[in-house]
Amino acid sequence: MRFALTDEHRELTRTVHRLLVERRGAFPPAFGPTPEPDPDLWRELAGLGLLGLTVPERLGGAGAGLLEAALVAEQAGATLPPVPYLPVAVAAAVLAGAHGDAGNGPGAEMLKGITDGSLLVVPAWETFPRSVAGRHRTDTLRLEDGRVSGSLTAVPYGTDADVLLAVAGGALVSLRLDRPGVRRVARDGLDVVERIAAIELASVDAHVLGPGRFGDRTLAAVRTLFAAELVGLAGQCVDAAVTHARERHQFGRPIGSFQAVKHTLADRHIQVDAARLLLHWAAATGDPHAASLAVQAAGDAADAASADNLQTLGGMGFTWEASAHVLLKRARTRRALLGTSARQLDAIADRLLETRSPSPSRVSDRPAVSPRRSSAPSPRPA
C-alpha cells in the first residue's frame, strides 16, 4: 500500500510546527513547578480543527484520518508545548472506538466537547489494558452499581481535566472530576512539561461506555499516536545534536567532524528515519501489528536519540537551560508507561507467531535496551 505523504500533509506539518513553536512559551520551562496548560493555545488548536481530526464530521470533527492526527502528534512531540495533545488525542481515539456509529449519548457529547476544546478529557493510563500500558494495574479502580472507587497515582493533567476516562470492573467508564467524592492532588513527576496528579475516587457516579477490552482499530490508533509523539521527539533530538555539532568547535574544528560524534549522529538519523517510516505505514493502514512495530521502534529511537543529544552537548547538556533534559525526561516517562523494549518485542513476536502471550514475570526484569545498542550513553567530546 502507498503511504507517501502528500503536499497537503507537508503543509499541515509545517503549519502545526510553526504554531506550536511560536506559542509554546519559554522552552525549557523555568525551574520550578510544572507550567499550567496554555488555554489560548488550546483554543487556537480547537479553532483550527486539530483536536477533532479523527472525530466524524457528524459529531463536529474534521472527519480526517489517523495519519493526519499522527502528523500533529509528531509535531507535539518535537516541540512539547504546554497542552495535553497526546492524552486528549488518545482519549478521543478510545471514545471513537467505543462509541461506534451512535449519534447520541455520553460518548458523542464528549467527542463534541473534545473537538471544540470545551471539554478536557484525559485517560487514566494505569487502568488501560496491558497491550497499551506496560504498567497496567488490575486492582486500581472498582465499579459497583454505576459508581467508581479507588485511587490513581499519575493522571496526566489530572488537576486541570473535566472528565476522566478509565477502565474499571472490566468496563470503559467516564466520570466527571468536579463531582463529590473526587480528591485531586498535584504531584511532581520526571516530565517537566506534562502535569500529573494523584486522584482518589470515593463512590463517584460514572457512565459505562462499553467493554474495557480495546478492539484492534482502537489499539492501532493509540499505539500510533504514542509512536508519533516519540518519533517527533527523537527527530528533534537529532536536529538539536547536529546543530550543536556544527557550531561547537574543539581543537580548532567542529566537533561534528570527529568520528565518535558524526558516526553516532548518522546512526541516530537512520534509526529515527526508519521509525518514522514505520509510523507513516501504521498511520496510513491502521494495522495493529504495524502500530506495534512503530511504537517499539519509536521508543528505542527516542531513548537513543535523547541520550546521544545530551552527550553531544557535553557539560551544557546537563544544565536546566539546555533543552536536552526536557526531551530525555519525556522519552523516559513514555518508556516507563509503555513498558520495556524487551516486553514490547516479546508481545510482537507472540502476536506474529500466534503463541500464548507472555506472563509479566517473564520479561519484567529485562533491561530496556535496544537490540543493537545499549541505552547507556557513551562519553562524547564537548
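Fair warning: this is a prediction, and the values are worked out from it, not measured in the lab. Numbers given to residues run from 1 along each chain, matching the order in which its sequence is written. Residues qualify for local features only when their pLDDT is at least 70, as the model is predicted, and side-chain atom pairs are given and counted only at 80 or more; totals for whole chains, interfaces and linings, by contrast, use all residues. As a convention, hydrogens and water are excluded, and side-chain values are obtained from all of the structure's heavy atoms.

K.L.:
What is the right way to read the packing of helix H1 (residues 7–23) against helix H3 (residues 66–79) from this model?
P.N.:
Describing two packed helices takes the angle between their axes plus the distance from one axis to the other. Two numbers describe how H1 lies on H3: the axes approach to 9 Å, and their chain directions differ by 35°. Of the two elements, H1 crosses H3, and the hand of that crossing is right-handed. Across the interface between the two elements, His9, Leu12, Thr13, Val16, His17, Leu20 and Val21 of H1 pack against Leu67, Glu68, Leu71, Val72, Gln75, Ala76 and Thr79 of H3. Three classes are used: nonpolar for Ala, Val, Leu, Ile, Met, Phe, Trp, Tyr, Cys and Pro, charged for Asp, Glu, Lys and Arg, and polar for all others, with Gly counted as polar. Of the residues assigned to the contact of H1 with H3, the class counts are eight nonpolar, five polar and one charged. To obtain an axis, a line is fitted to C-alpha atoms, over the contacting stretch when the element is a helix, and the angle between two such axes runs from 0 to 180 degrees between their N-to-C directions. Counting from the N terminus, the helices are DSSP H or I runs at least four residues long and the strands are E runs at least two residues long. Crossing handedness is read from the near helix: turned anticlockwise from the far helix by less than a right angle, it gives a left-handed crossing, and turned clockwise, a right-handed one. Note on contacts: a residue pair is in contact if any heavy atoms of the two residues lie within 4.5 Å.

K.L.:
Whenever I open this one, the pairing of strand S7 (residues 196–205) confuses me. Can you help?
P.N.:
Residues in a regular strand project their side chains so that they alternate between the two faces of the sheet. A strand pair is defined by DSSP finding two or more bridges across the two strands. Sheet topology note: the strand S3 (residues 147–156)/S7 ladder contains seven bridges and is antiparallel. Residue pairing in the sheet places arginine 147 in a bridge with aspartate 205 of S7.

K.L.:
Would you mind going over the sheet that holds strand S6 (residues 182–187) with me for this structure?
P.N.:
Strand pairing within a sheet occurs via backbone hydrogen bonds; the two strands may be parallel or antiparallel. Judged by pairing direction, the sheet is antiparallel, and its four strands sit side by side in the order S2-S3-S7-S6 without closing on themselves. In the strand order of this sheet, the two ends are held by strand S2 (141–144) and S6, each with one partner. Strand after strand, the sheet turns through a mean of 15° between neighbouring axes, direction not considered. In this structure, S2 lies alongside S3, joined through four bridges in antiparallel fashion. Looking at S3, one finds that glutamate 144 is bridged to arginine 147.

K.L.:
Even after reading the chapter, I still don't get the sheet that holds strand S5 (residues 171–176), so can you show me in this structure?
P.N.:
Spatial strand order, S1-S4-S5-S8: four strands in an open sheet with mixed pairing. The open sheet has two edge strands, strand S1 (121–123) and strand S8 (207–211), and neither has a second partner. Across this sheet, the average inter-strand angle for adjacent strands is 30°, counted without regard to direction. Bridge count for S5 against S8 is four bridges, and the pairing is antiparallel. The residue of S8 that forms the bridge with alanine 171 is proline 211. Those strands touched by helix H4 (residues 85–99) are S1, strand S4 (163–168), S5 and S8, and its axis lies near 90° from that of S1.

K.L.:
So what exactly am I meant to see when it comes to the nonpolar core here?
P.N.:
Most often, soluble globular proteins have nonpolar side chains that are buried together. Within this scheme, the nonpolar core is defined by two criteria: the residues are buried Ala, Val, Leu, Ile, Met, Phe, Trp, Tyr or Cys, and they are joined through side-chain atoms within 4.5 Å. Whether a residue is buried, partly exposed or exposed follows from its accessible area with a 1.4 Å probe, protein chains only, as a fraction of its type maximum: under 20%, in between, or over 50%, in that order. By size, the foremost hydrophobic cluster in this structure holds 105 residues, and its most contacted members are Leu45, Tyr85, Val90, Leu164, Leu201, Leu225 and Phe226. Of all the elements, helix H6 (residues 216–247) adds the most residues to this core, at 14 residues. Beyond its immediate sequence surroundings of up to four residues, tyrosine 85 is in contact with Trp42, Leu50, Leu51, Leu53, Ala69, Val72, Ala73 and Ala76. Counting six residues, the second-largest nonpolar core is a separate cluster that includes Ala245, Phe258, Val261 and Leu265.

K.L.:
I tried to follow the side chain of histidine 9 on my own but got confused; where do I start?
P.N.:
In this fold, histidine 9 is placed in helix H1. Assessed through its relative accessible area of 11%, histidine 9 is described here as buried. Leave out the neighbours within four places in its chain, and histidine 9 touches Leu67, Glu68 and Leu71.

K.L.:
How should I be thinking about the environment of arginine 176 in this particular structure?
P.N.:
Take arginine 176: it is sitting in strand S5. Judged by relative accessible area, arginine 176 falls into the partly exposed class, the value being 30%. If sequence neighbours within four positions are ignored, arginine 176 has contacts with Leu119, Asp162, Val163, Val182 and Val204. Side-chain atoms alone can form a polar contact between residues adjacent in sequence; in general such a contact is a pair of N or O atoms within 3.5 Å, and within protein one must be able to donate a hydrogen while the other accepts it. Only 3.3 Å separates the side chain of arginine 176 from the side chain of aspartate 178, close enough to count as a polar contact.

Function cannot be read off these values alone, since they describe shape.
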